[in-house]
Amino acid sequence: MSTDNVILEMRGITKTFPGVKALQDVTLQVTRGEVHAICGENGAGKSTLMKVLSGVYPHGSYTGDILFEDEPCEFRTIRDSEERGIVIIHQELALSPYLSIAENIFLGNERAKGGVIDWHKTNSEAAMLLARVGLTEHPDTKVMDIGVGKQQLVEIAKALSKRVKLLILDEPTAALNDEDSAHLLDLMRSLKGQGITSIIISHKLNEIAAIADSTTIIRDGQTIETLDMHGAEPVTEDRIIRAMVGRSLENRYPERTPEIGEEALRVENWTVHHPNDHSRVVVDNANLDVRKGEIVGIAGLMGAGRTEFAMSVFGRSYGSNISGRLVKDGEEISPKSVKQAINAGIAYATEDRKRYGLNLIEDIKRNISSSALGKLSRFGVVDGRTEVGTAEGYRKDMNIKAPSVDAVTGKLSGGNQQKVVLSKWIFADPDVLILDEPTRGIDVGAKYEIYQIINKLAEQGKAVIVISSELPELLGICDRVFAMSQGRITGVLPRGEADQESLMRYMTMEKESAQA
(Lines give C-alpha, C1' and ligand atoms only; values in the text may rest on other atoms or scores of the structure.)
Protein backbone atom coordinates (compact mmCIF):
# COMPACT_ATOMS: atom_id res chain seq x y z
CA MET A 1 0.00 0.00 0.00
CA SER A 2 1.51 3.33 -1.05
CA THR A 3 1.95 5.63 1.96
CA ASP A 4 1.37 8.65 -0.34
CA ASN A 5 -2.30 7.74 -0.53
CA VAL A 6 -2.79 6.72 3.12
CA ILE A 7 -5.33 8.94 4.94
CA LEU A 8 -5.11 7.10 8.29
CA GLU A 9 -2.37 5.13 9.99
CA MET A 10 -2.59 3.61 13.46
CA ARG A 11 0.68 2.17 14.80
CA GLY A 12 1.22 -0.12 17.77
CA ILE A 13 -2.09 0.68 19.48
CA THR A 14 -2.35 -1.04 22.87
CA LYS A 15 -5.33 -0.51 25.18
CA THR A 16 -5.79 -2.22 28.55
CA PHE A 17 -8.83 -2.43 30.82
CA PRO A 18 -8.66 -3.90 34.34
CA GLY A 19 -7.90 -7.59 33.85
CA VAL A 20 -8.18 -7.46 30.05
CA LYS A 21 -5.76 -6.41 27.29
CA ALA A 22 -8.33 -5.31 24.68
CA LEU A 23 -5.79 -4.23 22.02
CA GLN A 24 -2.17 -5.31 21.66
CA ASP A 25 0.15 -3.61 19.16
CA VAL A 26 -2.61 -3.13 16.55
CA THR A 27 -1.68 -1.56 13.21
CA LEU A 28 -4.10 -0.22 10.59
CA GLN A 29 -3.65 1.62 7.30
CA VAL A 30 -6.60 3.10 5.39
CA THR A 31 -6.25 4.43 1.85
CA ARG A 32 -7.92 7.72 0.87
CA GLY A 33 -11.29 7.20 -0.83
CA GLU A 34 -11.68 3.49 -0.02
CA VAL A 35 -14.21 1.48 1.97
CA HIS A 36 -12.13 -0.36 4.55
CA ALA A 37 -13.81 -3.18 6.49
CA ILE A 38 -12.73 -4.38 9.94
CA CYS A 39 -13.69 -7.96 10.82
CA GLY A 40 -13.28 -10.06 13.90
CA GLU A 41 -15.14 -12.11 16.46
CA ASN A 42 -17.13 -10.31 19.12
CA GLY A 43 -14.68 -9.14 21.74
CA ALA A 44 -11.78 -9.09 19.25
CA GLY A 45 -11.28 -5.34 19.81
CA LYS A 46 -12.85 -3.78 16.69
CA SER A 47 -15.06 -1.23 18.45
CA THR A 48 -12.36 -0.49 21.03
CA LEU A 49 -9.94 0.41 18.22
CA MET A 50 -12.47 2.80 16.68
CA LYS A 51 -13.15 4.39 20.08
CA VAL A 52 -9.42 5.01 20.42
CA LEU A 53 -9.39 6.60 16.97
CA SER A 54 -12.40 8.86 17.61
CA GLY A 55 -11.33 10.10 21.05
CA VAL A 56 -13.95 8.19 23.06
CA TYR A 57 -10.87 6.68 24.74
CA PRO A 58 -8.67 9.80 24.98
CA HIS A 59 -5.00 10.13 24.19
CA GLY A 60 -3.03 8.96 27.21
CA SER A 61 -5.42 6.10 28.00
CA TYR A 62 -3.66 3.93 25.37
CA THR A 63 -0.19 3.60 23.87
CA GLY A 64 0.70 3.90 20.18
CA ASP A 65 0.42 6.53 17.48
CA ILE A 66 -2.37 7.85 15.23
CA LEU A 67 -1.53 9.71 12.02
CA PHE A 68 -4.35 11.33 10.03
CA GLU A 69 -3.45 13.01 6.74
CA ASP A 70 0.23 12.54 7.71
CA GLU A 71 -0.17 14.52 10.95
CA PRO A 72 0.14 13.00 14.47
CA CYS A 73 -3.17 13.17 16.38
CA GLU A 74 -3.79 13.27 20.13
CA PHE A 75 -7.60 13.32 20.38
CA ARG A 76 -8.87 13.87 23.90
CA THR A 77 -12.57 14.12 23.02
CA ILE A 78 -14.92 13.17 20.18
CA ARG A 79 -15.11 16.86 19.28
CA ASP A 80 -11.34 16.85 18.67
CA SER A 81 -11.62 14.03 16.11
CA GLU A 82 -14.71 15.54 14.48
CA GLU A 83 -12.89 18.84 13.97
CA ARG A 84 -10.37 16.88 11.89
CA GLY A 85 -13.17 15.27 9.87
CA ILE A 86 -13.35 11.86 11.59
CA VAL A 87 -16.94 10.95 12.52
CA ILE A 88 -18.04 7.69 14.14
CA ILE A 89 -21.61 6.31 14.05
CA HIS A 90 -22.04 3.79 16.84
CA GLN A 91 -24.22 0.67 16.69
CA GLU A 92 -26.58 2.25 19.23
CA LEU A 93 -27.75 5.38 17.43
CA ALA A 94 -27.26 8.65 19.34
CA LEU A 95 -30.39 10.48 18.17
CA SER A 96 -32.99 12.18 20.36
CA PRO A 97 -36.38 10.68 19.41
CA TYR A 98 -38.33 13.77 20.54
CA LEU A 99 -36.39 16.26 18.42
CA SER A 100 -36.88 16.82 14.69
CA ILE A 101 -34.52 15.43 12.06
CA ALA A 102 -33.06 18.92 11.50
CA GLU A 103 -32.54 19.49 15.24
CA ASN A 104 -30.75 16.15 15.53
CA ILE A 105 -28.50 16.85 12.54
CA PHE A 106 -27.24 20.13 13.99
CA LEU A 107 -27.40 19.26 17.70
CA GLY A 108 -24.25 20.75 19.24
CA ASN A 109 -23.45 22.35 15.89
CA GLU A 110 -26.43 24.74 15.65
CA ARG A 111 -26.95 27.17 12.79
CA ALA A 112 -27.34 30.41 14.72
CA LYS A 113 -27.16 34.18 14.27
CA GLY A 114 -26.49 36.38 17.29
CA GLY A 115 -27.06 33.47 19.66
CA VAL A 116 -30.49 32.68 18.16
CA ILE A 117 -31.07 29.59 16.01
CA ASP A 118 -31.69 30.42 12.36
CA TRP A 119 -34.50 27.95 11.63
CA HIS A 120 -34.69 28.78 7.94
CA LYS A 121 -31.00 28.00 7.49
CA THR A 122 -31.26 24.94 9.75
CA ASN A 123 -34.12 23.41 7.77
CA SER A 124 -32.79 24.31 4.32
CA GLU A 125 -29.33 22.88 5.05
CA ALA A 126 -30.93 19.79 6.62
CA ALA A 127 -33.06 19.29 3.48
CA MET A 128 -29.93 19.36 1.30
CA LEU A 129 -28.18 16.84 3.55
CA LEU A 130 -31.23 14.57 3.57
CA ALA A 131 -31.27 14.65 -0.23
CA ARG A 132 -27.62 13.54 -0.24
CA VAL A 133 -28.49 10.43 1.77
CA GLY A 134 -31.66 9.71 -0.20
CA LEU A 135 -34.29 10.76 2.35
CA THR A 136 -37.41 12.68 1.32
CA GLU A 137 -38.75 13.32 4.85
CA HIS A 138 -39.38 16.92 5.87
CA PRO A 139 -36.68 18.23 8.25
CA ASP A 140 -39.40 18.99 10.84
CA THR A 141 -40.30 15.29 11.14
CA LYS A 142 -39.63 13.88 14.61
CA VAL A 143 -37.01 11.11 14.66
CA MET A 144 -39.40 8.83 16.61
CA ASP A 145 -41.71 8.86 13.57
CA ILE A 146 -39.21 7.26 11.16
CA GLY A 147 -37.86 3.70 11.09
CA VAL A 148 -34.46 2.48 12.21
CA GLY A 149 -33.17 2.35 8.62
CA LYS A 150 -33.98 6.01 8.06
CA GLN A 151 -32.56 6.94 11.47
CA GLN A 152 -29.26 5.41 10.34
CA LEU A 153 -29.36 7.69 7.29
CA VAL A 154 -30.06 10.72 9.52
CA GLU A 155 -26.89 9.83 11.47
CA ILE A 156 -24.95 9.84 8.19
CA ALA A 157 -26.52 13.20 7.21
CA LYS A 158 -25.37 14.50 10.61
CA ALA A 159 -21.84 13.27 9.83
CA LEU A 160 -21.93 15.02 6.43
CA SER A 161 -22.86 18.28 8.18
CA LYS A 162 -19.52 18.08 9.99
CA ARG A 163 -17.60 17.96 6.68
CA VAL A 164 -16.60 14.38 7.26
CA LYS A 165 -13.45 13.04 5.61
CA LEU A 166 -13.38 9.62 7.34
CA LEU A 167 -16.75 8.05 8.24
CA ILE A 168 -16.71 5.12 10.70
CA LEU A 169 -19.79 2.89 10.81
CA ASP A 170 -19.97 0.33 13.63
CA GLU A 171 -22.30 -2.56 12.63
CA PRO A 172 -24.49 -0.18 10.58
CA THR A 173 -26.87 -2.86 9.26
CA ALA A 174 -27.20 -5.02 12.41
CA ALA A 175 -30.75 -3.77 13.12
CA LEU A 176 -31.80 -3.19 9.50
CA ASN A 177 -33.89 -5.33 7.16
CA ASP A 178 -32.51 -6.42 3.78
CA GLU A 179 -33.99 -3.48 1.87
CA ASP A 180 -32.62 -0.85 4.28
CA SER A 181 -29.26 -2.62 4.36
CA ALA A 182 -29.02 -2.57 0.56
CA HIS A 183 -29.91 1.14 0.52
CA LEU A 184 -27.20 1.89 3.09
CA LEU A 185 -24.56 0.03 1.08
CA ASP A 186 -25.59 1.96 -2.05
CA LEU A 187 -25.19 5.20 -0.08
CA MET A 188 -21.68 4.16 0.97
CA ARG A 189 -20.79 3.63 -2.69
CA SER A 190 -22.18 7.09 -3.46
CA LEU A 191 -20.15 8.69 -0.64
CA LYS A 192 -17.05 6.94 -1.95
CA GLY A 193 -17.73 8.60 -5.31
CA GLN A 194 -17.80 11.94 -3.45
CA GLY A 195 -14.32 11.28 -2.06
CA ILE A 196 -15.34 10.25 1.46
CA THR A 197 -13.31 7.43 3.03
CA SER A 198 -15.25 4.90 5.12
CA ILE A 199 -14.43 2.29 7.73
CA ILE A 200 -17.15 -0.30 8.28
CA ILE A 201 -17.24 -2.78 11.15
CA SER A 202 -19.56 -5.64 10.26
CA HIS A 203 -20.13 -9.31 11.01
CA LYS A 204 -22.10 -9.73 7.75
CA LEU A 205 -19.47 -11.22 5.47
CA ASN A 206 -21.65 -11.02 2.34
CA GLU A 207 -21.93 -7.24 2.84
CA ILE A 208 -18.19 -6.92 3.29
CA ALA A 209 -17.61 -8.85 0.08
CA ALA A 210 -20.03 -6.51 -1.71
CA ILE A 211 -18.75 -3.16 -0.43
CA ALA A 212 -15.16 -3.34 0.89
CA ASP A 213 -11.95 -2.51 -0.98
CA SER A 214 -9.75 -3.78 1.87
CA THR A 215 -10.49 -5.86 4.95
CA THR A 216 -8.42 -5.91 8.13
CA ILE A 217 -8.90 -8.91 10.42
CA ILE A 218 -8.49 -8.48 14.19
CA ARG A 219 -8.34 -11.49 16.49
CA ASP A 220 -7.90 -11.41 20.28
CA GLY A 221 -6.92 -7.74 20.17
CA GLN A 222 -4.21 -8.18 17.53
CA THR A 223 -4.01 -7.41 13.81
CA ILE A 224 -3.92 -10.68 11.87
CA GLU A 225 -3.79 -9.41 8.26
CA THR A 226 -5.24 -6.96 5.74
CA LEU A 227 -6.80 -8.44 2.59
CA ASP A 228 -7.10 -6.74 -0.79
CA MET A 229 -10.70 -7.50 -1.79
CA HIS A 230 -9.98 -6.74 -5.46
CA GLY A 231 -6.70 -8.65 -5.72
CA ALA A 232 -5.83 -11.38 -8.19
CA GLU A 233 -6.94 -14.07 -5.74
CA PRO A 234 -10.63 -13.78 -4.78
CA VAL A 235 -11.34 -13.40 -1.04
CA THR A 236 -14.02 -15.89 0.01
CA GLU A 237 -16.14 -15.85 3.16
CA ASP A 238 -14.34 -18.99 4.33
CA ARG A 239 -10.99 -17.22 3.89
CA ILE A 240 -12.17 -14.36 6.15
CA ILE A 241 -13.67 -16.77 8.70
CA ARG A 242 -10.43 -18.75 8.89
CA ALA A 243 -8.51 -15.56 9.78
CA MET A 244 -11.20 -14.38 12.23
CA VAL A 245 -11.42 -17.53 14.32
CA GLY A 246 -7.94 -18.98 13.74
CA ARG A 247 -9.41 -22.18 12.43
CA SER A 248 -11.38 -23.36 9.43
CA LEU A 249 -15.11 -23.74 9.93
CA GLU A 250 -15.91 -26.30 7.27
CA ASN A 251 -19.10 -27.01 9.15
CA ARG A 252 -20.60 -23.82 10.59
CA TYR A 253 -23.15 -25.87 12.53
CA PRO A 254 -22.12 -28.49 15.11
CA GLU A 255 -23.24 -32.03 14.44
CA ARG A 256 -26.10 -33.41 16.48
CA THR A 257 -28.02 -36.67 16.63
CA PRO A 258 -31.48 -35.71 17.92
CA GLU A 259 -33.26 -37.78 20.55
CA ILE A 260 -36.84 -36.52 20.31
CA GLY A 261 -39.36 -37.49 22.95
CA GLU A 262 -42.98 -36.74 23.74
CA GLU A 263 -44.79 -33.52 22.91
CA ALA A 264 -43.75 -30.69 25.23
CA LEU A 265 -45.90 -27.80 23.95
CA ARG A 266 -48.74 -27.47 21.46
CA VAL A 267 -50.19 -24.13 20.39
CA GLU A 268 -53.66 -24.42 18.80
CA ASN A 269 -55.65 -21.84 16.80
CA TRP A 270 -53.62 -19.02 18.36
CA THR A 271 -54.93 -15.58 17.38
CA VAL A 272 -53.51 -12.27 18.62
CA HIS A 273 -54.69 -8.72 17.94
CA HIS A 274 -52.54 -5.58 17.99
CA PRO A 275 -52.22 -4.11 21.51
CA ASN A 276 -53.44 -0.66 20.40
CA ASP A 277 -55.47 -1.31 17.23
CA HIS A 278 -57.72 -4.12 18.48
CA SER A 279 -59.26 -4.66 15.06
CA ARG A 280 -55.89 -5.61 13.52
CA VAL A 281 -55.00 -9.30 13.60
CA VAL A 282 -51.25 -9.83 14.07
CA VAL A 283 -51.20 -13.62 14.61
CA ASP A 284 -53.94 -15.44 12.72
CA ASN A 285 -55.07 -18.90 13.86
CA ALA A 286 -51.51 -20.24 14.23
CA ASN A 287 -50.77 -23.86 15.11
CA LEU A 288 -47.36 -25.11 16.23
CA ASP A 289 -45.97 -27.98 18.28
CA VAL A 290 -42.56 -28.89 19.71
CA ARG A 291 -41.37 -32.08 21.39
CA LYS A 292 -38.87 -32.77 24.16
CA GLY A 293 -35.33 -32.83 22.79
CA GLU A 294 -36.43 -31.13 19.56
CA ILE A 295 -35.23 -27.87 18.03
CA VAL A 296 -38.00 -26.22 16.02
CA GLY A 297 -37.45 -23.12 13.89
CA ILE A 298 -39.80 -20.31 12.89
CA ALA A 299 -38.95 -18.59 9.61
CA GLY A 300 -40.60 -15.45 8.29
CA LEU A 301 -39.97 -12.09 6.71
CA MET A 302 -40.08 -8.82 8.69
CA GLY A 303 -43.63 -8.24 9.91
CA ALA A 304 -44.66 -11.89 9.60
CA GLY A 305 -45.63 -11.99 13.29
CA ARG A 306 -42.93 -14.33 14.64
CA THR A 307 -41.90 -12.22 17.65
CA GLU A 308 -45.50 -11.27 18.37
CA PHE A 309 -46.44 -14.97 18.37
CA ALA A 310 -43.61 -15.85 20.78
CA MET A 311 -44.26 -12.95 23.16
CA SER A 312 -47.98 -13.63 23.29
CA VAL A 313 -47.34 -17.29 24.19
CA PHE A 314 -44.91 -16.12 26.88
CA GLY A 315 -47.46 -14.96 29.44
CA ARG A 316 -49.36 -12.73 26.99
CA SER A 317 -46.52 -10.17 27.08
CA TYR A 318 -47.73 -8.87 23.70
CA GLY A 319 -51.14 -8.30 22.15
CA SER A 320 -54.82 -8.06 22.98
CA ASN A 321 -57.94 -10.25 22.49
CA ILE A 322 -55.74 -13.38 22.53
CA SER A 323 -57.56 -16.63 21.83
CA GLY A 324 -56.53 -20.25 21.31
CA ARG A 325 -55.13 -23.06 23.45
CA LEU A 326 -51.73 -23.85 24.96
CA VAL A 327 -51.22 -27.51 25.83
CA LYS A 328 -48.09 -28.39 27.81
CA ASP A 329 -47.20 -31.98 28.63
CA GLY A 330 -50.74 -33.00 27.69
CA GLU A 331 -52.52 -30.49 29.93
CA GLU A 332 -54.03 -27.13 28.95
CA ILE A 333 -52.37 -24.11 30.55
CA SER A 334 -53.26 -20.43 30.47
CA PRO A 335 -50.39 -18.24 31.73
CA LYS A 336 -51.56 -14.62 31.81
CA SER A 337 -48.28 -13.05 32.97
CA VAL A 338 -44.55 -13.54 32.48
CA LYS A 339 -44.26 -14.90 36.03
CA GLN A 340 -47.01 -17.46 35.35
CA ALA A 341 -45.31 -18.49 32.09
CA ILE A 342 -41.96 -19.02 33.88
CA ASN A 343 -43.75 -21.01 36.62
CA ALA A 344 -45.35 -23.12 33.86
CA GLY A 345 -41.89 -23.95 32.49
CA ILE A 346 -41.79 -21.60 29.49
CA ALA A 347 -39.00 -19.06 28.92
CA TYR A 348 -38.48 -16.47 26.18
CA ALA A 349 -35.13 -14.88 25.30
CA THR A 350 -35.93 -11.63 23.51
CA GLU A 351 -34.41 -10.48 20.21
CA ASP A 352 -33.60 -7.11 21.81
CA ARG A 353 -31.17 -8.21 24.51
CA LYS A 354 -29.99 -4.66 25.25
CA ARG A 355 -33.45 -3.22 25.92
CA TYR A 356 -35.41 -6.14 27.35
CA GLY A 357 -33.07 -9.09 27.90
CA LEU A 358 -30.47 -7.56 30.20
CA ASN A 359 -29.90 -4.85 32.76
CA LEU A 360 -26.79 -3.37 31.13
CA ILE A 361 -25.71 -1.34 34.18
CA GLU A 362 -25.90 -4.39 36.41
CA ASP A 363 -23.22 -7.09 36.76
CA ILE A 364 -23.25 -10.59 35.27
CA LYS A 365 -24.30 -12.40 38.45
CA ARG A 366 -27.38 -10.20 39.02
CA ASN A 367 -28.49 -10.62 35.40
CA ILE A 368 -28.19 -14.41 35.58
CA SER A 369 -30.00 -14.72 38.91
CA SER A 370 -32.85 -12.33 37.99
CA SER A 371 -35.01 -14.97 36.28
CA ALA A 372 -35.23 -17.24 39.35
CA LEU A 373 -34.38 -15.37 42.54
CA GLY A 374 -36.51 -17.80 44.54
CA LYS A 375 -33.93 -20.54 43.90
CA LEU A 376 -31.28 -18.42 45.67
CA SER A 377 -33.40 -17.07 48.53
CA ARG A 378 -33.73 -18.07 52.14
CA PHE A 379 -36.58 -16.41 54.05
CA GLY A 380 -36.94 -13.90 51.21
CA VAL A 381 -33.25 -12.86 51.20
CA VAL A 382 -30.88 -13.76 48.35
CA ASP A 383 -27.87 -15.80 49.49
CA GLY A 384 -25.01 -13.78 47.97
CA ARG A 385 -22.47 -16.61 48.17
CA THR A 386 -24.78 -19.02 46.32
CA GLU A 387 -25.56 -16.32 43.74
CA VAL A 388 -21.85 -15.78 43.00
CA GLY A 389 -21.16 -19.53 42.86
CA THR A 390 -24.06 -20.13 40.49
CA ALA A 391 -23.06 -17.27 38.17
CA GLU A 392 -19.41 -18.37 38.23
CA GLY A 393 -20.48 -21.83 37.11
CA TYR A 394 -22.32 -20.37 34.13
CA ARG A 395 -19.39 -18.04 33.32
CA LYS A 396 -17.13 -21.10 32.96
CA ASP A 397 -19.64 -23.45 31.31
CA MET A 398 -20.78 -20.85 28.76
CA ASN A 399 -17.26 -19.48 28.17
CA ILE A 400 -18.35 -15.92 29.01
CA LYS A 401 -15.24 -13.79 28.45
CA ALA A 402 -15.12 -11.53 31.51
CA PRO A 403 -12.65 -11.18 34.40
CA SER A 404 -15.35 -12.10 36.96
CA VAL A 405 -19.12 -12.28 37.48
CA ASP A 406 -18.91 -8.78 38.98
CA ALA A 407 -18.15 -7.34 35.52
CA VAL A 408 -20.78 -4.89 34.22
CA THR A 409 -22.84 -6.63 31.52
CA GLY A 410 -23.02 -3.54 29.29
CA LYS A 411 -19.23 -3.65 28.87
CA LEU A 412 -19.28 -7.17 27.38
CA SER A 413 -19.22 -7.90 23.65
CA GLY A 414 -22.48 -8.83 21.91
CA GLY A 415 -21.71 -12.55 21.88
CA ASN A 416 -20.89 -12.60 25.58
CA GLN A 417 -24.03 -10.60 26.40
CA GLN A 418 -26.05 -13.21 24.55
CA LYS A 419 -24.41 -15.96 26.61
CA VAL A 420 -25.50 -14.08 29.77
CA VAL A 421 -29.09 -13.97 28.42
CA LEU A 422 -29.00 -17.73 27.76
CA SER A 423 -27.47 -18.39 31.20
CA LYS A 424 -30.26 -16.38 32.81
CA TRP A 425 -32.96 -18.49 31.20
CA ILE A 426 -31.17 -21.83 31.57
CA PHE A 427 -30.90 -21.04 35.29
CA ALA A 428 -34.70 -20.71 35.38
CA ASP A 429 -34.72 -24.37 34.17
CA PRO A 430 -37.62 -24.14 31.69
CA ASP A 431 -39.07 -27.10 29.81
CA VAL A 432 -39.68 -24.96 26.71
CA LEU A 433 -37.20 -22.25 25.71
CA ILE A 434 -38.06 -19.77 22.94
CA LEU A 435 -34.98 -18.04 21.48
CA ASP A 436 -35.76 -14.97 19.37
CA GLU A 437 -32.85 -14.14 16.98
CA PRO A 438 -30.30 -15.71 19.37
CA THR A 439 -27.30 -14.92 17.12
CA ARG A 440 -28.25 -11.46 15.81
CA GLY A 441 -25.24 -9.13 15.82
CA ILE A 442 -22.85 -11.96 16.65
CA ASP A 443 -19.86 -13.15 14.62
CA VAL A 444 -19.42 -16.68 13.23
CA GLY A 445 -17.15 -17.92 16.03
CA ALA A 446 -19.55 -16.87 18.80
CA LYS A 447 -22.47 -18.23 16.76
CA TYR A 448 -20.90 -21.68 16.77
CA GLU A 449 -20.70 -21.56 20.57
CA ILE A 450 -24.38 -20.49 20.81
CA TYR A 451 -25.36 -23.42 18.53
CA GLN A 452 -23.47 -25.80 20.82
CA ILE A 453 -25.39 -24.42 23.82
CA ILE A 454 -28.71 -24.88 21.98
CA ASN A 455 -27.76 -28.47 21.11
CA LYS A 456 -26.83 -29.16 24.73
CA LEU A 457 -30.24 -27.91 25.88
CA ALA A 458 -31.98 -30.25 23.43
CA GLU A 459 -29.81 -33.15 24.63
CA GLN A 460 -31.05 -32.42 28.17
CA GLY A 461 -34.62 -32.97 26.90
CA LYS A 462 -35.59 -29.30 26.64
CA ALA A 463 -37.92 -28.26 23.81
CA VAL A 464 -36.29 -25.35 21.95
CA ILE A 465 -38.00 -22.94 19.54
CA VAL A 466 -35.63 -20.74 17.49
CA ILE A 467 -36.81 -17.65 15.60
CA SER A 468 -34.24 -16.49 13.05
CA SER A 469 -34.05 -14.29 9.96
CA GLU A 470 -31.11 -16.36 8.68
CA LEU A 471 -32.47 -19.34 6.74
CA PRO A 472 -29.11 -21.20 6.62
CA GLU A 473 -29.07 -21.02 10.42
CA LEU A 474 -32.53 -22.57 10.74
CA LEU A 475 -31.66 -25.26 8.22
CA GLY A 476 -28.37 -25.92 10.02
CA ILE A 477 -29.66 -26.39 13.59
CA CYS A 478 -33.40 -27.24 13.48
CA ASP A 479 -35.20 -30.58 13.24
CA ARG A 480 -38.29 -28.94 11.75
CA VAL A 481 -38.96 -25.43 10.47
CA PHE A 482 -42.34 -23.66 10.58
CA ALA A 483 -42.83 -20.78 8.12
CA MET A 484 -44.94 -17.69 8.88
CA SER A 485 -46.45 -15.15 6.52
CA GLN A 486 -48.84 -12.32 7.40
CA GLY A 487 -49.47 -13.77 10.86
CA ARG A 488 -50.26 -17.29 9.67
CA ILE A 489 -48.28 -20.51 9.86
CA THR A 490 -48.12 -21.36 6.16
CA GLY A 491 -46.14 -24.59 6.28
CA VAL A 492 -43.82 -26.86 8.22
CA LEU A 493 -40.90 -28.81 6.78
CA PRO A 494 -38.73 -31.50 8.40
CA ARG A 495 -34.97 -30.94 8.18
CA GLY A 496 -34.49 -33.45 5.35
CA GLU A 497 -37.05 -31.75 3.10
CA ALA A 498 -36.33 -28.11 3.88
CA ASP A 499 -34.22 -25.78 1.76
CA GLN A 500 -34.07 -22.00 1.36
CA GLU A 501 -36.23 -21.98 -1.78
CA SER A 502 -39.09 -24.03 -0.28
CA LEU A 503 -39.06 -21.99 2.95
CA MET A 504 -39.11 -18.73 1.00
CA ARG A 505 -42.15 -19.91 -0.94
CA TYR A 506 -44.02 -20.46 2.33
CA MET A 507 -42.69 -17.19 3.81
CA THR A 508 -44.08 -15.16 0.88
CA MET A 509 -47.39 -17.01 0.65
CA GLU A 510 -50.47 -14.77 0.55
CA LYS A 511 -53.24 -15.34 3.06
CA GLU A 512 -55.63 -16.67 0.42
CA SER A 513 -53.09 -19.31 -0.67
CA ALA A 514 -52.38 -20.29 2.93
CA GLN A 515 -56.08 -20.87 3.56
CA ALA A 516 -56.54 -22.97 0.42
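Cut-offs applied
Residues numbered from 1 in each chain as written. Predicted model: local features only at pLDDT ≥ 70, side-chain atom pairs only at ≥ 80, totals over all residues. Heavy atoms only, no water. UniProt positions renumbered as here; feature names shortened; annotations may be inferred. Buried < 20%, exposed > 50% of the residue type's maximum accessible area, 1.4 Å probe, protein only. Helix = DSSP H or I, 4+ residues; strand = E, 2+ residues; numbered from the N terminus. Arc of directions from axis to C-beta. Contact = heavy atoms within 4.5 Å. Polar contact = N/O pair within 3.5 Å; in protein donor to acceptor, adjacent residues only side chain to side chain. Domains from an automatic or database assignment. Buried area = accessible area lost by both parts, 1.4 Å probe. Salt bridge = Lys/Arg side-chain N within 4 Å of Asp/Glu carboxyl O. Axes fitted to C-alpha atoms, helices over the stretch in contact; angles between N-to-C directions. Parallel < 35°, antiparallel > 145°, perpendicular 65-115°, else oblique. Left-handed = near helix turned anticlockwise from the far one by under 90°. Expected span 1.5 Å × (residues − 1). Core = buried A, V, L, I, M, F, W, Y, C linked by side-chain atoms within 4.5 Å.

Looking at an unreviewed UniProt entry, the chain carries the name Monosaccharide ABC transporter ATP-binding protein, CUT2 family, with the source organism given as Flavimobilis marinus. Annotation of the chain in UniProt includes, under Subcellular location (unreviewed entry), the sentence "Cell membrane".

Engineer: What exactly am I supposed to notice about helix α17 (residues 500–507) here?
Structural biologist: At 3.6 residues per turn, the α-helix brings residues three or four places apart onto the same side. Taken together, the buried positions of α17 are S502, L503 and M507. Angular distribution of buried residues about the axis of α17 spans 140°; they occupy a single face of the element. Summarising the geometry of α17, the exposed residues directed more than 90 degrees from the buried face are E501 and R505. Close packing links the buried residues of α17 with β15 (295–300), α16 (471–477), β23 (480–485) and β24 (488–494). The N-capping residue of α17, defined by a side-chain oxygen 3.2 Å from the backbone nitrogen of E501, is D499.

Engineer: Where do I start with the domain arrangement of the chain in this structure?
Structural biologist: Reports of interface size often rely on the accessible area that becomes lost once the parts have come together. The assigned domain composition of the chain is domain 1 (6–245) and domain 2 (262–508). Distance between the C-alpha centres of domain 1 and domain 2: 32 Å. Each partner contributes residues to the interface: domain 1 has 13 residues there, and domain 2 has 13 residues. With both sides pooled, the region where domain 1 packs onto domain 2 buries about 1000 Å², and carbon together with sulfur makes up 58% of that total. Summed over the shared surface of domain 1 and domain 2, the result is 0 salt bridges. Summed over the shared surface of domain 1 and domain 2, the number is 0 residue pairs in polar contact (both at pLDDT 80 or more). Element by element, the count of residues in the side of domain 1 that touches domain 2 is highest for helix α8 (residues 237–245), at 3 residues.

Engineer: Explanation requested: the packing of helix α4 (residues 119–132) against helix α5 (residues 148–161) in the structure shown.
Structural biologist: Each pair of packed helices gets described by two things: the angle between the helix axes and the distance between those axes. At their nearest, the axes of α4 and α5 sit 9 Å apart, and the two run at 120° to each other. Of the possible angle classes, the one that applies to α4 and α5 is oblique. Pair α4 / α5 crosses with right-handed handedness. Contacts between α4 and α5 involve L129, L130 and R132 from the former and A157, L160 and S161 from the latter.

Engineer: Even after reading the chapter, I still don't get helix α15 (residues 444–459), so can you show me in this structure?
Structural biologist: Relative to the 22 Å expected for 16 residues at 1.5 Å per residue, α15 spans 23 Å between its end C-alpha atoms, a close match to the ideal helical length. α15 sits mainly inside the fold: 12 of its 16 residues count as buried. Residues of α15 that are buried: V444, G445, A446, K447, E449, I450, Y451, I453, I454, N455, L457 and A458. Along its buried surface, α15 packs onto α8, β15, α14 (414–427), β21 (432–436), β22 (463–467) and α16.

Engineer: For this particular structure, what's the right way to read the nonpolar core?
Structural biologist: Nonpolar side chains in soluble globular proteins tend to be buried together. Ranked by size, the top nonpolar core spans 77 residues in total, and within it W270, F309 and I364 carry the most contacts. When sequence neighbours within four positions are dropped, the list of residues in contact with F309 reads V267, W270, V283, A286, L288, I298 and M484. In terms of nonpolar packing, the next biggest core, distinct from the first, is built from 48 residues, L169, L187, I208 and V245 among them.

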